[in-house]
Amino acid sequence: QAEDGIRDTSVTGVQTCALPILLLLVFRPFKVGDVISAGGVTAKVDEIDLFVTTFNTPDNRRFIVPNSQITGATIENISFHKERRVDVTIGVDYEADLNETRRVLSEATEVQRDKMVKGEGRESQVVLSDLGDSAVIWTVRFWTTQDDFWSVKEQLLTDLKQGLDAAGIGIPFPQLGVHLRQEAS
């Protein structure tokens, strides 16, 4: 710091620019081709340069994000593991029988058994999650490969809905009741 109270910021500026790329090079939290969520963007990493990382989204948008913005926050590497768990939360009517609902939801997971990852803590689960304001909440969990994640999720949602419909188990939706009061004149 200079005698007149003015600080030399040149070293600080270099440290600010070099630190993010140093963190990326040392820790390697992601590589080109990974799908990550960082710096306010969720997309596939296309390039990692000295000062910026370039992303491409599935809908063909391109984001160029400063490395300082990426390393200054949480980085989620979505494609790091070869297996992912699909979680579907679904609410059913309170009148629905719990055992019948569990049976229908479990049968829906069997449709895609060939895409299920097997092993300890894997495969599928049907869990009674919560008793909500207007529905009994279930969570259906299904382990699959990274490559099959989105197609499995869509098919699982379809099979769950069709199974519940076929069994006559309703899926409640939020409703708003309006009560009008008439004041005496």
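In case you missed it, the structure is sitting above this.
These notes cover the structure that comes with them. (Residues numbered from 1 in each chain as written. Predicted model: local features only at pLDDT ≥ 70, side-chain atom pairs only at ≥ 80, totals over all residues. Heavy atoms only, no water.)

As for the overall build of the protein
- A count of helices and strands for the protein gives four helices and eight strands.
- Look at the contacts in the protein between residues 6 or more apart in sequence, and 59% of them connect residues 24 or more apart.
- With an accessible surface of roughly 12700 Å², the protein has 52% of that area assigned to carbon and sulfur atoms. (Helix = DSSP H or I, 4+ residues; strand = E, 2+ residues; numbered from the N terminus. Contact = heavy atoms within 4.5 Å. Areas by Shrake-Rupley, 256 points an atom, 1.4 Å probe, with all protein chains shown as cover.)

A few points about the nonpolar core
- Membership of the largest hydrophobic core comes to 20 residues, with the highest contact counts inside it found for Val-86, Val-92, Leu-105, Trp-138, Leu-156, Leu-160 and Leu-164.
- Contributing elements (two or more residues each) for this core: strand S6 (83-92), helix H3 (98-110), strand S8 (136-145) and helix H4 (149-166).
- Examining the composition of this core, we find that five residues originate from one element, H4, more than from any other.
- Discounting residues that sit within four places of it in the chain, Leu-105 has contacts with Ile-90, Val-126, Trp-138, Val-140, Leu-160 and Leu-164.
- Ranked by size, the runner-up nonpolar core spans nine residues in total, among them Phe-30, Val-41, Ala-43 and Val-45. (Core = buried A, V, L, I, M, F, W, Y, C linked by side-chain atoms within 4.5 Å. Buried < 20%, exposed > 50% of the residue type's maximum accessible area, 1.4 Å probe, protein only.)

Some details on the sheet that holds strand S7 (residues 124-131)
- In space, the three strands of this open sheet follow the order S6-S8-S7, with antiparallel pairing throughout. Because the sheet does not close on itself, it has two edges, and the strands there are S6 and S7. The sheet shows a mean angle of 25 degrees between the axes of neighbouring strands, taken without regard to direction.
- Alignment of S6 against S8, held across 10 bridges, turns out to be antiparallel. Pairing of Glu-83 across the sheet is with Thr-145, part of S8.
- Lying on the sheet, H3 is in contact with S6, S7 and S8; it crosses S8 at an angle near 20 degrees.
- Sitting on the sheet, H4 is in contact with S6 and S8, with an inclination near 25 degrees to S6. (Pairing = 2+ DSSP bridges. Axes fitted to C-alpha atoms, helices over the stretch in contact; angles between N-to-C directions.)

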